[in-house]
Amino acid sequence: MEDLNMLTETVLGFSRQKEIPVKISKFCLELVQLMLQNNFSLFHVEGSVEEFFKRHVDSLIEDEEIHLREASHGITLTLYQIDSSKSEKDIEKVTRRLMTLKSSIKSEKGLKERHAAVIRGSAIVLSEPHVISKNLPSLLTALSYFISDRSPISPLVRTTFSEFRRTHLDNWSADRQLFNEDQLDAIGELLIAPSYYA
């Protein structure tokens, strides 16, 4: 585990250097994601995912560089898949954060913070496809407010809802019972497949 941490720190440090081209930086972050996926059992140790978040991911999600924040989505998603208890712990905190940030939608101010919160929310939603936890409807409702935000936030929200729709299509009649009417109203239009004939 220590060797993996050292390698990860080296690759992450390299990816954040300003003189590194964006493509190389993104490649480094994809490499970290692959290392996490292929060494799943090492990170499934109690507290390992939490420690990895604190040491690496939290600062990456909130980085000034948009390409680093965008690439951190895959790493965040992978970590939530490795340790679902982490996503269960974070879901309420992320939902509250999104709700406090919704007043600044479409403004330049707070873009980084909104993007970071949406990345976390999206990763939680996508980390367990076909499953709707008790707090997921609230998180989806909070994410829905950001559908008209600036890029890169809006495309990530659209992709998240598109993937959610795809993975819950078969059981939607049962899954929709877990949402209240206000939540269904908030996310309803986002779950309708786009029509090319309208």
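See the structure printed just above.
Residue positions are given per chain, counted from 1 along the sequence in the order it is written. Under the rules for a predicted model, residues below a pLDDT of 70 receive no local features and side-chain atom pairs below 80 are neither given nor counted, while totals for whole chains, interfaces and linings still include all residues. Excluded from the side-chain calculation are hydrogens and water; included are all heavy atoms of the structure.

Let us look at the environment of F164. Among the structural elements, F164 can be located in helix α9 (residues 153-168). Taking C-alpha positions, F164 is 8.0 Å from L191, a pair spaced 27 residues apart along the chain. Residue contacts are defined here by distance: any two heavy atoms, one from each residue, within 4.5 Å place the two residues in contact. Beyond its immediate chain neighbours, meaning those up to four positions away, F164 contacts V125, I132, L136, L140, W172, F179 and L191. Each helix is a run of DSSP H or I of at least 4 residues and each strand a run of E of at least 2, with the numbering of both proceeding from the N terminus.

Sizing a probe to match a water molecule and rolling it over the atoms shows the empty space that remains. Buriedness for pockets is judged along seven lines, at least five of which must meet protein on both sides within 12 Å for an open set on the 1 Å grid over protein atoms alone, while cavities are sets there where a 1.4 Å probe fits but cannot get out, and lining residues have an atom within 4 Å of a point. Grid points are joined across faces, edges and corners, and a volume is the space filled by probe spheres set on the points. A full pass over the atoms with the stated rule returns two cavities of 30 Å³ or more. Taken as a whole, the largest cavity holds about 80 Å³ of empty space. Breaking the lining of the largest cavity down by element, the ones donating at least two residues are α6 (84-101) and α7 (111-127). For this classification, Asp, Glu, Lys and Arg are treated as charged, while Ala, Val, Leu, Ile, Met, Phe, Trp, Tyr, Cys and Pro are nonpolar and the rest, including Gly, are polar. Grouping the amino acids of the lining of the largest cavity by side-chain chemistry returns five nonpolar, three polar and two charged.

The calculated volume of the largest pocket comes to roughly 280 Å³. Along its surface, the largest pocket is lined by 15 residues, and E62, K93, R97, A116 and R120 are the ones closest to its centre. Residue assignment for the lining of the largest pocket shows that the elements contributing at least two residues are α4 (48-61), α6 and α7. Among the residues forming the lining of the largest pocket, the class breakdown is four nonpolar, no polar and eleven charged. The computed volume of the second largest pocket comes to approximately 170 Å³. What lines the second largest pocket is simply F164, R165, H168, L169, W172, R176, L184, G188, L191 and I192. The set of elements that each furnish at least two residues to the lining of the second largest pocket consists of α9 and α11 (181-188). Sorting elements by how many residues they give to the lining of the second largest pocket places α9 first, with three residues. Tallied by class, the residues present in the lining of the second largest pocket amount to six nonpolar, two polar and two charged.

To get an axis, fit a line to the C-alpha atoms, keeping to the stretch in contact for a helix; angles then go from 0 to 180 degrees between the N-to-C directions. Contact geometry for helix α8 (residues 136-144) and α9: axes closest at 10 Å, N-to-C directions at 140°. The interaxial crossing formed by α8 with α9 has left-handed handedness. Residues L136, L140, L143 and S144 of α8 form the contact with α9, whose own contacting residues are V157, T160, F161 and F164. Partitioned by chemical class, the residues of the contact of α8 with α9 number six nonpolar, two polar and no charged. If you view the pair so one helix is near and one far, a crossing is left-handed when the near helix is turned anticlockwise from the far one by less than a right angle, and right-handed when it is turned clockwise.

The next point concerns the nonpolar core. Working definition of a nonpolar core: buried Ala, Val, Leu, Ile, Met, Phe, Trp, Tyr and Cys residues. They are joined through side-chain atoms within 4.5 Å. Buried means the residue's accessible area, taken with a 1.4 Å probe over protein chains only, is under 20% of the maximum for its type, while exposed means over 50%, and partly exposed covers the values in between. Ranked by internal contacts, the top residues of the largest apolar core, which has 52 residues, are I75, L79, L98, L139 and F164. Top element by residues in this core is α7. It accounts for nine residues.

Here H115 is to be found in helix α7. By relative accessible area, H115 is classed as buried at 1%. Here H115 is in contact with I66, R69, E70, P152 and I153, once residues within four sequence places are set aside.

Let us look at unusual backbone geometry. Here the residue pair S151 and P152 is connected by a cis peptide bond, since its omega of 15° sits within 30 degrees of zero. Mapped onto the fold, P152 is located in the loop between α8 and α9.

Here we come to α9. With 16 residues, α9 extends 23 Å from end C-alpha to end C-alpha; this agrees with the ideal 22 Å at 1.5 Å per step. Those residues of α9 that sit buried are I153, S154, L156, V157, T160, F161, F164, R165, T167 and H168. An expected span of 1.5 Å times one less than the residue number is assigned to each helix.

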